[in-house]
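Summary of structural features
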Number of protein chains: 2
Amino acid sequence: MRWVYVILGTGSIALDTTRTPFKTMKRVLGGAATYFSLSASHFCPVALIGVVGKDFPQAHWKLLESRHIDLQGVQRVKGKTMFFDSEFSYDYYARKTHATELNVYAHFDPVVPDSLRKTPFLYLGTLEPAKQLKMLENCRPRFALMDTIEFYIETQKPALRKVMAKVDGMVLNDIEARMLCKSPNLFECASTIQEWGPELVVIKKGENGSILFYKDFVFPLPAFPLSSVVDPTGAGDSFGGGFFGHLARSNKVEEKTLKEALAYGTIMGSFCVQDFSVNGLVSIASEDVEARFNHYREKLHI
Amino acid sequence: MRWVYVILGTGSIALDTTRTPFKTMKRVLGGAATYFSLSASHFCPVALIGVVGKDFPQAHWKLLESRHIDLQGVQRVKGKTMFFDSEFSYDYYARKTHATELNVYAHFDPVVPDSLRKTPFLYLGTLEPAKQLKMLENCRPRFALMDTIEFYIETQKPALRKVMAKVDGMVLNDIEARMLCKSPNLFECASTIQEWGPELVVIKKGENGSILFYKDFVFPLPAFPLSSVVDPTGAGDSFGGGFFGHLARSNKVEEKTLKEALAYGTIMGSFCVQDFSVNGLVSIASEDVEARFNHYREKLHI
């Protein structure tokens, strides 16, 4: 069977060491683009653009392939895979970073194979703004969604603004939104971001849910209620994958689909945090996704 | 027409000076019980137990009466009404307290008139735990809901636990819940509170919505989306009034009614913050409440 890829995603692929008071997982599969792709793969075929080093375990590669993620755009180069070592304290709110080694990701130059250039939905995960822009210009997708991180907001805001001016949507967390727009009011932040470019803005608030802004439409959702969290790593990227995955498979950007997509994002984030690494995303079947979606939708039906 | 009072509420009645970067309102009507009652009065007849000083403006008294709030349990005594002076900075998140003068509230001894003792729904607003207990023992209501504040959690926890053991429900904010239960996880807090007494726990998270716990049922809601806030004072008490008001008028405590009640609480909080003092609560009609409720319900329908 030949897959027609609906989402092209890029960003980091990493090995993570994650420490919690209860367990430490060493050099497990991580990275924003990894979480995003595995989450989105529950919705439609995904092709990934990224880079790993020679140390990247074959088992991880096979895991991504087993989810029908196209890896022809993933370069395997000499050197070490990006490595991230962090620790959560008992309250799981503050994360302490022990090490961020970019390794091969530092010199990553995303190259989109010709066969993937017409993929309609493009996700520009965390990447230097100049590289995001290059991907965007190479692909000219139907709909482009971008993410960013505090580091690029602080150090490369003009370049970031150039990408923002050309994308259709932006997903970011509340801290990033406030930092980017210099306002504590998330509604003002969304409005500023919309003025700068994307008409769709999704602000993620972790355990406090999310708010979506599309033109004049505003839509808030609470987090899916979970009594405990095993590992919060990747929750936001899994959220992005569920959100964009549903938009892409629906091939529509309108209020009804956006509401559903935000709900799918919410539940994919909830699956992610219930286990270490990407285990929460790969141990579930489509039926589990639909069952939790229906449960959540029913719950919110007042 | 003779009103049958459905809710008996108690707590503080105050004069507030509220400063924001844009406007200062001096000695306006405030106090937790005031906000609660005015909010609940949109749902069912409310009788208030409280105390004011001789300086309490007649206009405020008449305003409460105009909302059919029974004031026979409000003592008007020699001395000054409780006074609260606070200031919000530009971000409206941190409130700085300039003065808290308890005045006549310091020696308040709640007395419930005989005619009101059989009121079925009792709201024990912020009050010394011993006085909450006295009210509870004098009334023996069908359903008692309590609130508290950080001050009593810090200084009178054993007395607070005695009240908690006897009520049916507790409403508190996220900071109070974490302080009371010594856990950052709100699900753990709710579970601890339920072990200590009330089977219904509502945790308010301000602009991040709320979570309701009733036996094993968990129900989260986002805040009603508002692009700007004029004065956050009283939002939580207005929330409580809408929540309890709908429960009381429905005369049922079950999942469906609790979901509706949490939504009514949410929208009453949103009306409150759209104007200074109690203006956001008294400038609206029942139709406005129902219209916003329907809008909110429709919005959350995925």
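Look above for the structure.
1. Looking at the overall build of chain A
Helix and strand content of chain A: 11 helices and 13 strands. Radius of gyration (C-alpha) of chain A: 18 Å, near the 19 Å computed for a compact globule of 302 residues. For chain A, the spread of C-alpha atoms along the principal axes amounts to about 50 × 45 × 45 Å. Taking all 302 residues of chain A together, 60% fall into the buried category. Taken as a whole, chain A presents about 12100 Å² of accessible surface, with 51% of it coming from carbon and sulfur. Taking the average place of the 35 positive charges on the side chains of chain A and the average place of its 33 negative ones, the gap between the two points comes to 4 Å.

2. Some remarks on the sheet that holds strand β7 (residues 95–101) of chain A
All names here are of chain A. One open sheet holds the four strands; their spatial order is β3-β2-β6-β7, and the pairing between them is mixed. Each of the sheet's edge strands pairs with one partner strand only, and the pair in question is β3 (24–30) and β7. The average angle at which neighbouring strand axes cross in this sheet is 20°, direction not considered. With six bridges joining them, strand β2 (residues 14–19) and strand β6 (residues 82–88) adopt parallel strand pairing. The residue bridging Thr 18 from the neighbouring strand is Ser 86, located in β6.

3. Focus: the pattern of salt bridges
All names here are of chain B. A full pass over the atoms with the stated rule returns 18 salt bridges over all chains. A salt bridge links Arg 117 to Asp 114, with the shortest nitrogen-to-oxygen separation between them at 3.5 Å. A salt bridge links Glu 128 to Lys 131; the nearest nitrogen and oxygen atoms lie 3.5 Å apart. For Glu 128, a relative accessible area of 28% translates into the label partly exposed.

4. Thoughts on the relation of the copies chain A and chain B
Rotating chain A by 180° about the axis while translating it 0.0 Å along that axis superimposes it on chain B, leaving an RMSD of 0.0 Å. Overall, the copies show the geometry of a two-fold rotation axis. The residues that chain A uses at the interface reappear at the interface of chain B in 100% of cases, marking a shared surface.

5. Here we look at the side chain of Lys131(B)
Residues and elements named next belong to chain B. Position of Lys 131 among the secondary structure elements: in helix α3 (residues 129–139). One polar contact links the side chain of Lys 131 to the main-chain carbonyl oxygen of Phe 108, over a distance of 2.7 Å. With residues up to four places along the chain from it excluded, the contact list for Lys 131 reads Tyr 105, Ala 106, His 107, Phe 108 and Pro 110.

6. With respect to the environment of Tyr296(A)
Here Tyr296(A) is to be found in helix α11 (residues 286–299). For the pair Tyr296(A) and Arg178(A), spaced 118 residues apart in the sequence, the C-alpha separation amounts to 29 Å. Setting aside residues no more than four positions away along its own chain, Tyr296(A) makes contact with Leu221(A), Pro222(A), Ala223(A), Phe224(A), Ala263(A), Thr266(A), Ile267(A) and Ile302(B). A polar side-chain atom of Tyr296(A) sits 2.6 Å from the main-chain carbonyl oxygen of Pro222(A).

7. What to know about the interface of chain A and chain B
Listed by partner, the interface residues are 31 residues for chain A and 31 residues for chain B. Roughly 2600 Å² of surface becomes buried between chain A and chain B when both sides are summed, with 62% attributable to carbon and sulfur atoms. Linking chain A with chain B are two salt bridges, by the criterion used here. Between Glu207(B) and Arg178(A) there is a salt bridge whose closest N-O contact spans 3.4 Å. Here chain A and chain B share 16 residue pairs in polar contact (both at pLDDT 80 or more) between them.

8. Quick notes on unusual backbone geometry
Phi at Arg140(A) takes a positive value of approximately 45°, unusual for a residue other than glycine. For Arg140(A), the location among the structural elements is in the loop between α3 (129–139) and β9 (143–146). Positive phi values are uncommon outside glycine, yet Ser277(B) reaches one of about 50°. Relative to the elements of secondary structure, Ser277(B) occurs in the loop between α9 (255–272) and α10 (279–282).

Here is what the cut-offs are and how they apply
- Numbers given to residues run from 1 along each chain, matching the order in which its sequence is written.
- Here every chain gets a letter starting at A, and every ligand a number starting at 1, in the order they are written.
- Predicted model: local features are reported for residues with pLDDT of at least 70 only, side-chain atom pairs are reported and counted for 80 or more only, and whole-chain, interface and lining totals are derived from all residues.
- The side-chain values count all of the structure's non-hydrogen atoms but skip hydrogen atoms and water molecules.
- A helix here means a DSSP run of H or I that spans at least four residues, while a strand means a run of E at least two residues long, and both kinds are numbered starting from the N terminus.
- Note on method: radius of gyration uses C-alpha positions; expected globular size equals 2.2 Å times residues raised to 0.38.
- Here the term buried applies to any residue with accessible area under 20% of the maximum for its type, exposed to any over 50%, and partly exposed to those in between, with areas from a 1.4 Å probe on protein chains only.
- Note on areas: Shrake-Rupley with a 1.4 Å probe; residue coverage comes only from the protein chains shown.
- Two residue types count as positive, namely Lys and Arg, and two as negative, namely Asp and Glu; His and chain ends fall outside the count.
- A charge is said to be at NZ when it belongs to Lys, at CZ for Arg, at CG for Asp and at CD for Glu.
- In this scheme, strands are said to pair when DSSP sees at least two bridges between them.
- Where helices are involved, their axes are fitted lines through C-alpha atoms of the stretch in contact, as for all axes, and angles between N-to-C directions lie from 0 to 180°.
- By definition here, a salt bridge exists when the distance from a side-chain nitrogen of Lys or Arg to a carboxyl oxygen of Asp or Glu is within 4 Å.
- Alignment of the copies relies on least squares applied to C-alpha atoms, considering only residues that score at least 70 for pLDDT in both.
- By definition in these notes, contact holds between two residues if any of their heavy atoms fall within 4.5 Å.
- Two N or O atoms form a polar contact when they lie within 3.5 Å of each other; inside protein one atom must be a possible hydrogen donor and the other a possible acceptor, and for residues adjacent in sequence the pair counts only when both atoms belong to side chains.
- Put simply, buried area is the surface a 1.4 Å probe can reach on two separate parts but cannot reach once they are joined, added for both.

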